[in-house]
Amino acid sequence: MPTLKALIFDVDGTLSDTERDGHRVAFNQAFRDMGLNWHWDVETYGELLEVTGGKERIRHFIERYQPVSDKSEELERFILELHKTKTRYFVGLLNSGAIPLRPGVERLLNEARAEGLRLAIATTTTAENITALLTATLGKSSIGWFDVIAAGDVVPNKKPAPDIYIYALQHMGLDASECIAIEDSENGLASALGAGLKTIVTINAYTRQQNFNGALAVLEHLGQPGGETCVDVSMIRRIFG
Ligand code: XBP
Ligand code: MG
């Protein structure tokens, strides 16, 4: 019977509720900066979230709503520049402290460390965003709490493909059977399950209606002691089996 050795956390929607008031706002600031008359309202962004990866989301938006004839390198350079501008704005929002951790995240991270569980991150987002989020919410030293921070373009295929979780497992030298993933979305769950990981889902406004078949548990959030839900290490060990 495998022993639980590590927790692997998703970032956007899991560590923090970053999409509606973070990434979406940063995208719109970047559009304005680059003289585009595009605006992603809350509903449109929710639809665009079906595509993971900010650069991939911009490309998908262009293909669906702003088709251009040339698929040239020019377009790719434009997308890269637009995404770089967006990341600058998003990091600025994180640095301002505008985006807190979700309930129970800091508590569970500290409990896991105290119990000798290893920690990792497996995310589609850009690595720079994670450094900024961890520093703003937990302090710079928290970056060292994670054995692996597997992020964004380090793998060819983003979520729902399993690549990013497989990358994290390989770099930790652990088997999927020794770990649990914590996710927020259908794409994230598919990615973790595809890598063979048992997965706990904490939903949010954008993912509430999605299909979480196969998850070990689907919860509002990680909760606090005495609350309706409190995901702590002993609870995780129980459902891990
Ligand atoms: C969520 C994503 C990311 C963010 C935007 O990542 O799909 O692409 O929406 O971040 P996860 P970037 O849930 O796996 O953390 O613009 O840096 O891609
Ligand atoms: Mg997520």
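Only a predicted model underlies this, so the values are computations on that prediction, with no experimental measurement involved. (Residues numbered from 1 in each chain as written. Chains lettered and ligands numbered in written order. Predicted model: local features only at pLDDT ≥ 70, side-chain atom pairs only at ≥ 80, totals over all residues. Heavy atoms only, no water.)

Draft legend 1. Focus on the packing of aromatic side chains. Scanning all chains against the criterion turns up 11 aromatic pairs. Ring centres 6.3 Å apart and planes at 85 degrees place the aromatic pair Trp 38 and Phe 78 in the edge-to-face group. One end of the pair, Trp 38, is in the loop between helix H1 (19-33) and helix H2 (42-48); the other, Phe 78, is in helix H4 (residues 73-95), and 40 residues separate them in sequence. We classify Trp 38 as buried; its relative accessible area is 11%. A network of ring pairs unites the aromatic residues Phe 27, Phe 31, Trp 38, Trp 40, Tyr 45, Phe 61, Tyr 65, Phe 78 and Tyr 206 as a single cluster. Sitting above the plane of the Phe 27 ring, Lys 86 keeps its charged end 4.7 Å from the centroid. (Phe/Tyr/Trp six-rings, centres within 6.5 Å; stacked < 30°, edge-to-face > 60°. Helix = DSSP H or I, 4+ residues; strand = E, 2+ residues; numbered from the N terminus. Buried < 20%, exposed > 50% of the residue type's maximum accessible area, 1.4 Å probe, protein only. Lys NZ or Arg CZ within 6 Å of the ring centre and 35° of its normal.)

Draft legend 2. Expanded view of the coordination of the magnesium ion (ligand 2). Bound to the magnesium ion (ligand 2) on the protein side are Asp 10 (OD), Asp 12 (O) and Asp 184 (OD), at distances that span 2.1 to 2.3 Å. Of note, the magnesium ion (ligand 2) draws all its donor residues from one chain, in the sequence arrangement D-x1-D-x171-D. The burial state of Asp 10 is the same as that of Asp 12; both residues are buried. (Donors = N, O, S within 2.8 Å, 3.2 Å for Na, K, Ca; no water.)

Draft legend 3. A look at helix H6 (residues 127-138). Taking 1.5 Å of rise per residue, 12 residues should cover 16 Å, and H6 covers 16 Å from first to last C-alpha, within 8% of that figure. Of all the positions in H6, only Asn 129, Ile 130, Ala 132, Leu 133, Leu 134 and Leu 138 are classed as buried. Against the buried residues of H6 lie H1, H4, helix H5 (105-114), strand S2 (118-123) and strand S3 (146-151). Gly 139 lies just past H6 and shows a positive phi near 95 degrees. (Expected span 1.5 Å × (residues − 1). Contact = heavy atoms within 4.5 Å.)

Draft legend 4. Summary view of the side chain of Arg 107. Among the secondary structure elements, Arg 107 is positioned in helix H5. Here Arg 107 falls in the buried class, since its relative accessible area comes to 14%. A distance of 3.0 Å separates a polar side-chain atom of Arg 107 from the backbone oxygen of Val 231. If we ignore the near neighbours within four places in the chain, the residues touching Arg 107 are Leu 222, Gly 223, Gln 224, Pro 225, Cys 230, Val 231 and Asp 232. (Polar contact = N/O pair within 3.5 Å; in protein donor to acceptor, adjacent residues only side chain to side chain.)

Draft legend 5. Region of interest: the environment of Ala 176. Topologically, Ala 176 is positioned in the loop between helix H7 (163-172) and strand S4 (179-183). With a relative accessible area of 12%, Ala 176 lands in the buried category. Ignoring anything within four residues of it in the chain, the contact list for Ala 176 reads Leu 169, Ala 195, Gly 196 and Leu 197.

Draft legend 6. How the structure looks around the nonpolar core. If you look at the biggest cluster of nonpolar residues, it comprises 38 residues, and the most contacted ones within it are Leu 7, Leu 15 and Leu 108. In terms of residue count, H6 provides more of this core than any other element does, five residues in total. Mapped onto the domain boundaries, this core takes at least three residues apiece from domain 1 (6-17 + 100-240) and domain 2 (19-95). Apart from the residues lying within four places of it in its own chain, the contact partners of Leu 108 are Leu 7, Phe 9, Ile 182, Leu 222, Val 231, Asp 232, Val 233 and Ile 236. One finds Ile 8, Ala 168, Ala 176 and Ala 192 within the second-largest nonpolar core, a separate group that totals 19 residues. (Core = buried A, V, L, I, M, F, W, Y, C linked by side-chain atoms within 4.5 Å. Domains from an automatic or database assignment.)

Draft legend 7. Just the packing of H4 against H6, in detail. At their nearest, the axes of H4 and H6 sit 8 Å apart, and the two run at 10 degrees to each other. Taken together, the axes of H4 and H6 are roughly parallel relative to one another. Together, Lys 86, Thr 87, Phe 90, Val 91, Leu 94 and Asn 95 of H4 and Glu 128, Asn 129, Ala 132, Leu 133 and Ala 136 of H6 make up the contact between the two elements. When the residues that make up the contact of H4 with H6 are grouped by side-chain class, the tally is six nonpolar, three polar and two charged. (Axes fitted to C-alpha atoms, helices over the stretch in contact; angles between N-to-C directions. Parallel < 35°, antiparallel > 145°, perpendicular 65-115°, else oblique. Nonpolar A, V, L, I, M, F, W, Y, C, P; charged D, E, K, R; others polar.)

Shape descriptors only; they carry no functional weight alone.
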